[in-house]
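# Structural overview for review
What follows is each chain in one-letter form.
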Amino acid sequence: MNRGDPADEPFPLLIAVTPSPAERIRLAELLDGIAPLLLVADLDELRRLIAAPQQVAAAPEPAPVATLVIDSARSSARCGEREIDLTRLEHDLLTCLITEPARVWSYAELHRSVWGDEGRERKADVQSLVKRLRRKLTDLGTGATIDVVRGVGLRLTDHQQARVERA
């Protein structure tokens, strides 16, 4: 016969109230294996243990996470109260990555978009620029990172939806 979940079945519980630690130990030894045993020092402790739980106050809303904002007019990036200056190349690279956040940009595409030259698609130029930008993003304290997608290129990972502001 299946009786369901044993946790739903009533069970005996022995409760012993005594201020003496030695007496609690003696009772535990005497009643071992008879039934579950709850040993407390006084009635106040028992009341705290069996009282209905109080409603927990709702947790305060977390503070909004600052987003990365690229200010094209000032050629700067800011996150919350912090702001950093960007060179033209840093600004253009970051703008490329932000405007299409799901896109993985190849090194050649970034080189053409940032430097504007078709023939010189040098991966080292992009890598050097990315290294400087990563340092600045870290200093800024943003959650945005420039990730390498192996064998494909780069993308901006920012869970706070970075954006570009144009003048």
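Please read all numbers here as calculations on a predicted model, not as lab measurements. (Residues numbered from 1 in each chain as written. Predicted model: local features only at pLDDT ≥ 70, side-chain atom pairs only at ≥ 80, totals over all residues. Heavy atoms only, no water.)

Moving on, we get to helix H5 (residues 123-140). The terminal C-alpha atoms of H5 lie 25 Å apart, and with 18 residues this matches the ideal 26 Å at 1.5 Å per residue to within 8%. All of the buried residues along H5 are Asp-125, Val-126, Leu-129, Val-130, Leu-133, Leu-137 and Leu-140. Burial along H5 is one-sided: seen end-on, the buried residues are contained in an arc of 120°. The outward face of H5, more than 90 degrees from its buried face, is lined by the exposed residues Lys-131, Thr-138 and Asp-139. (Helix = DSSP H or I, 4+ residues; strand = E, 2+ residues; numbered from the N terminus. Expected span 1.5 Å × (residues − 1). Buried < 20%, exposed > 50% of the residue type's maximum accessible area, 1.4 Å probe, protein only. Arc of directions from axis to C-beta.)

As summarised here, the arrangement of the 4 strands in space is S5-S4-S3-S8, forming an open sheet in which the pairing is mixed. Each edge of the open sheet carries a strand with a single partner, namely strand S5 (82-85) and strand S8 (163-165). Adjacent strand axes in the sheet meet at a mean angle of 25°, parallel and antiparallel pairs treated alike. Strand direction decides the pairing type here: strand S3 (residues 68-71) and S8, joined by 3 bridges, are parallel. Directly across from Val-69, in S8, lies its bridge partner Arg-163. The strands that helix H3 (residues 88-99) touches are S3, S5 and S8; relative to S3, the one it contacts most, it runs at about 130°. (Pairing = 2+ DSSP bridges. Axes fitted to C-alpha atoms, helices over the stretch in contact; angles between N-to-C directions. Contact = heavy atoms within 4.5 Å.)

In a regular helix each residue adds 1.5 Å, so 12 residues correspond to 16 Å; H3 covers 16 Å between its end C-alpha atoms and thus fits that length. Those residues of H3 lying buried are Glu-90, His-91, Leu-93, Leu-94, Thr-95, Cys-96, Leu-97 and Ile-98.

A separate point is unusual backbone geometry. Phi angles above zero are rare outside glycine, and Ser-75 is one such case at about 50°. Structurally, Ser-75 is set in the loop between S3 and strand S4 (76-79). Assessed through its relative accessible area of 22%, Ser-75 is described here as partly exposed.

Okay, the packing of helix H4 (residues 107-115) against H5 next. In contact at an axis separation of 9 Å, H4 and H5 are set at 75° when each is read in the N-to-C sense. What the angle tells us is that H4 and H5 run roughly perpendicular. Residues Tyr-107, Leu-110, His-111, Val-114 and Trp-115 of H4 touch H5, and the partners they reach there are Lys-123, Asp-125, Val-126, Gln-127 and Leu-129. Grouping the constituent residues of the contact of H4 with H5 by class yields 6 nonpolar, 2 polar and 2 charged. (Parallel < 35°, antiparallel > 145°, perpendicular 65-115°, else oblique. Nonpolar A, V, L, I, M, F, W, Y, C, P; charged D, E, K, R; others polar.)

Without other data, these values stay purely geometric and don't point to any function.
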